[in-house]
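Below, each chain spelled out in residue letters.
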Amino acid sequence: MKFLINKKVAVGLIIICGIIIVNVYVAFTNLLNFSFISSVVIIGVILLVFFILNQEAIIKKNKEKEQLERTDATAKEQLKFTDATAKEQLDLTDATAKEQLKFTDATALSEKLKGVAKDEFSAMITHELNTPLVPIIGYCKMLKTSMLGRIDQEQLEAIEVIEKNAKRLETLITDIMDVRKIDLDQLKFKIDALSLDEFFSNLNSDYRKILENKKCQFIINPYAKNLVIKTDKSRLRQVFDNLISNAIKFVPENKGKIETGCMKENNKLVFYVKDNGIGILQEKQKNLFQKFYQIDTSERRSVGGTGLGLAISKGIVEKLGGTISVESDGKTGTTFYMKFPL
Ligand code: ATP
Ligand code: MG
């Protein structure tokens, strides 16, 4: 059976016992002064009590420390476990989140696509494609003029390649936008008086040099002097640019001949672009004005293009109130006609 005594009571008892024992001893022996002995005993007892209490405190502290260490170890174990589980869970959540994100992304995109009309979507895409080209072409120009520091010949050539390709992309994007606008009947026209003398003179100065370098003849036959018509000059020029650039692609090397001009025919003003190129077979002519149509033969594969030029040309000519047609025997050249009521 265990007796549990309150610590304070025990201390009190020890002190009292000590004082009684010393006093009894002194009374019997009468050897020392009573008060001195009492004081010594009391101090001794107090020190003893402090020692005991201190021991208790140390034991208690040690116990607490042990407990703490045990708790710490358990906590650490638990933390490790929790950490691993958390990681696993995080990985899992991450994967799920990613999956969900993909799914959400795809769903959002498809919803967006559903929501946004097809034409608006293509407008958005072409706009997004066009925007980065502005700084690319701009910086190419700055680099070429050494505004950003001197460059050597090799670097200049590299920049020219970048610029050329960026411009090709720009033209393609503009073409796609134009085709889209034609389909939606949104292509804008600015009708003004146009002097045909001026028009053909500009054409001559813009193409003569290029064609001379290719040893290709360039003949212009304006219908009459001082003829002024009402049209959109930049759109008309766009049509001529496509027809002339097509002709340049297919005329024989060093023996090419391109003729352009206009004439009057049954109350109509007829513009034409004629070349002595490889020609277009009869059966291919009916598809010629369709979007992205290109005649695929080994001779043609080497020349670039996307097959939009003639579709745009047809769209523009028709919006300007005219018609466009082709004539070719399939071997000795091609002539394109654009007819406008006078
Ligand atoms: P893009 O004009 O969009 O740069 P492209 O020149 O290939 O590309 P179109 O101008 O629409 O497209 O011409 C369509 C196709 O018609 C050409 O790929 C070419 O095969 C044929 N073609 C056009 N003009 C001529 C021509 N003068 N002689 C021979 N073939 C021609
Ligand atoms: Mg073309």
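Refer to the structure presented above.
Residues numbered from 1 in each chain as written. Chains lettered and ligands numbered in written order. Predicted model: local features only at pLDDT ≥ 70, side-chain atom pairs only at ≥ 80, totals over all residues.

> Help me understand the overall build of the protein, please; the structure alone is not making it clear to me.
Scanning the protein for helices and strands turns up 10 helices and 7 strands. Within the protein, the proportion of its 342 residues that are buried is 15%. Here the analysis covers contacts within the protein between residues at least 6 apart in sequence; of these, 65% occur between residues at least 24 apart. (Helix = DSSP H or I, 4+ residues; strand = E, 2+ residues; numbered from the N terminus. Buried ≥ 20, exposed ≤ 12 C-beta atoms within 10 Å, placed from the backbone. Contact = placed C-beta atoms within 7 Å.)

> Would you explain the site of ligand 1 in this entry?
Lining the immediate surroundings of ligand 1 are 22 residues, of which N246, Q294, G305, G309 and L310 lie closest. In terms of residue count, helix 7 (residues 233-250) provides more of the shell around ligand 1 than any other element does, 4 residues in total. Class assignment for the residues of the shell around ligand 1 results in 10 nonpolar, 9 polar and 3 charged. (Near = placed C-beta within 6 Å. Nonpolar A, V, L, I, M, F, W, Y, C, P; charged D, E, K, R; others polar.)

> Would you take a moment to explain unusual backbone geometry for this structure?
One can expect most non-glycine residues to show negative phi and most peptide bonds to be in trans. In this structure, S146 is a non-glycine residue whose phi angle is positive, near 60°. With respect to the secondary-structure elements, S146 resides in the loop between helix 4 (133-144) and helix 5 (153-183). Of note, the phi angle at F292 is positive, near 60°, even though the residue is not glycine. Residue placement: F292 occurs in the loop between helix 8 (282-285) and helix 9 (298-301).

> I keep staring at the nonpolar core and nothing clicks. Help me out?
Soluble globular proteins tend to pack their nonpolar side chains together in the buried interior. Ranked by internal contacts, the top residues of the largest apolar core, which has 28 residues, are V239, F240, L243, I244, A247, I258 and V273. Among the elements of the structure, helix 6 (196-213), helix 7, strand 4 (257-265), strand 5 (268-275), helix 10 (309-319) and strand 7 (334-341) are those that each provide at least two residues to this core. Top element by residues in this core is helix 7. It accounts for 6 residues. With residues near it in sequence (within four places) discarded, V273 still touches F240, L243, I244, A247, T260 and F336. (Core = buried A, V, L, I, M, F, W, Y, C linked by C-beta atoms within 7 Å.)

> Just checking my understanding: could you explain the packing of helix 7 against helix 10 for this structure?
Two numbers describe a pair of packed helices, the interaxial angle and the distance between the axes. Closest axis-to-axis distance for the helix 7/helix 10 pair is 9 Å, and the angle between their directions is 150°. As the angle between them shows, helix 7 and helix 10 are arranged roughly antiparallel. Two packed elements cross with a definite hand, and for helix 7 against helix 10 that hand is left-handed. The residues of helix 10 that touch helix 7, namely those facing R235, Q238, V239, N242, L243 and N246, are G309, L310, I312, S313, I316 and V317. Counted by class, the contact of helix 7 with helix 10 contains 6 nonpolar, 5 polar and 1 charged residues. (Axes fitted to C-alpha atoms, helices over the stretch in contact; angles between N-to-C directions. Parallel < 35°, antiparallel > 145°, perpendicular 65-115°, else oblique. Left-handed = near helix turned anticlockwise from the far one by under 90°.)

> Any chance you could explain the pairing of strand 7 here in plain terms?
Put simply, side chains in a regular strand alternate between the two faces of the sheet. Here 8 bridges tie strand 5 to strand 7, and the two strands are oriented antiparallel to one another. When the bridges of strand 7 are listed, Y272 appears paired with Y337. Here 6 bridges tie strand 6 (residues 323-328) to strand 7, and the two strands are oriented antiparallel to one another. The residue of strand 7 that forms the bridge with I324 is M338. Once strand 6 ends, the chain turns through 5 residues before running back antiparallel as strand 7, passing G330 with a positive phi of about 85°. (Pairing = 2+ DSSP bridges.)

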